[in-house]
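Each chain, written out:
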Amino acid sequence: MDFFTQGPVDPTVVLPFLAAAALMEVTPGPNMGWLALVSLSQGRAAGLAAVVGITLGLTLWMVAAAFGLTEAVLRWPALYQVIRWAGVGFLLFLAWDAWRSGGGSASDAPVQTRRRALFRRGLIGNLLNPKAALLYVVLLPGFIRPALGSTLTQALTLGSLHVVVSVIVHTTIVLTAARAGGALLTRAQGPALRAAMALGLVAIAVWTAWETRA
């Protein structure tokens, strides 16, 4: 408790910040949809590997925001659009790859190789998600109290709390989807599973393009 009463942030903002972070994380988005698809088709371990990649990408955005680097995304609309469309393109690439290879569920590649690929895809996908940058630029300032001391320390502390919340939410999605995935995989194999994965990713790409429009 000393951390919250004597720590680097105003103790009165901790619970409201956690509530805001949780609300933002449970709002449907590309991470949530992709994690559900991966966990449904490939299982819990694959989904958790993707969570690690997403978490690293989110952490990098958080640190960049704390140091003021992500404000460039707001200052230069062209940069925002480049990141936005690169993210949409990456999701469409994943859709094509899912159709071509079945999303990895029937791949002959070693398990560790597939998990490393999912980690990289989670990382790249989150780095190409401009809303992750905007989340910190918009959310953090309202909970920082300059009179308490270093705004950098406050930003990193609150940002770390958000990352923890995201891990909890994403892990819950993975565990829930993986539990349902066993029954799904007994009913859908081969082309049917590939089509479902590909169409799901295309839908996420379209949703991302719509939601991130400036």
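Just so you know, these numbers come straight off a predicted model, no measurement behind them.

A closer look at empty space enclosed by the protein
Counted according to the given criterion, the structure contains two cavities of 30 Å³ or more. Considered as a void within the structure, the largest cavity measures approximately 150 Å³ in volume. What lines the largest cavity is a set of 15 residues, among which Pro30, Asn31, Leu91, Gly125 and Asn126 lie closest to the centre. Residue assignment for the lining of the largest cavity shows that the elements contributing at least two residues are helix H3 (30-42), helix H6 (77-101) and helix H7 (111-127). Here the residues of the lining of the largest cavity are counted per class, giving seven nonpolar, seven polar and one charged.

Structural notes on the layout of surface pockets
Approximately 440 Å³ is the volume found for the largest pocket. Mapped onto the lining of the largest pocket, the elements with two or more residues apiece are helix H2 (11-26), H3, helix H8 (130-139) and helix H10 (191-211). The biggest single contributor to the lining of the largest pocket is H8, with five residues. Its residues placed into classes, the lining of the largest pocket shows ten nonpolar, eight polar and three charged. In this structure, the second largest pocket encloses a volume near 160 Å³. Lining the second largest pocket are 13 residues, and of these Ala65, Ala66, Glu71, Leu140 and Pro141 lie nearest its centre. For the lining of the second largest pocket, the elements supplying multiple residues, two or more each, are helix H4 (44-66), H8 and helix H9 (151-187). By residue number, the principal contributor to the lining of the second largest pocket is H9, which donates three residues. Grouping the amino acids of the lining of the second largest pocket by side-chain chemistry returns nine nonpolar, three polar and one charged.

Topic: the packing of aromatic side chains
Tallied over the full model, the rule gives two aromatic pairs. Taken together, a centroid distance of 5.2 Å and an interplanar angle of 80° make the contact between phenylalanine 17 and phenylalanine 143 edge-to-face. With phenylalanine 17 in helix H2 and phenylalanine 143 in the loop between H8 and H9, the pair connects residues that are 126 residues apart, well separated along the chain. Here phenylalanine 17 matches phenylalanine 143 in class, with each residue buried.

Considerations on the environment of leucine 123
With respect to the helices and strands, the residue leucine 123 is situated in helix H7. On the basis of relative accessible area, leucine 123 is assigned to the buried category, the value being 17%. For the pair formed by leucine 123 and isoleucine 54, sequence separation is 69 residues and the distance between their alpha carbons is 4.9 Å. When sequence neighbours within four positions are dropped, the list of residues in contact with leucine 123 reads Gly53, Ile54, Leu56, Gly57 and Leu60.

Definitions and limits used
Residues numbered from 1 in each chain as written. Predicted model: local features only at pLDDT ≥ 70, side-chain atom pairs only at ≥ 80, totals over all residues. Heavy atoms only, no water. 1 Å grid on protein atoms, 1.4 Å probe; cavity = no way out; pocket = protein on both sides within 12 Å on 5 of 7 lines; lining within 4 Å. Points joined across faces, edges and corners; volume = space filled by probe spheres on them. Helix = DSSP H or I, 4+ residues; strand = E, 2+ residues; numbered from the N terminus. Nonpolar A, V, L, I, M, F, W, Y, C, P; charged D, E, K, R; others polar. Phe/Tyr/Trp six-rings, centres within 6.5 Å; stacked < 30°, edge-to-face > 60°. Buried < 20%, exposed > 50% of the residue type's maximum accessible area, 1.4 Å probe, protein only. Contact = heavy atoms within 4.5 Å.

That's the geometry; what it means functionally is another story.
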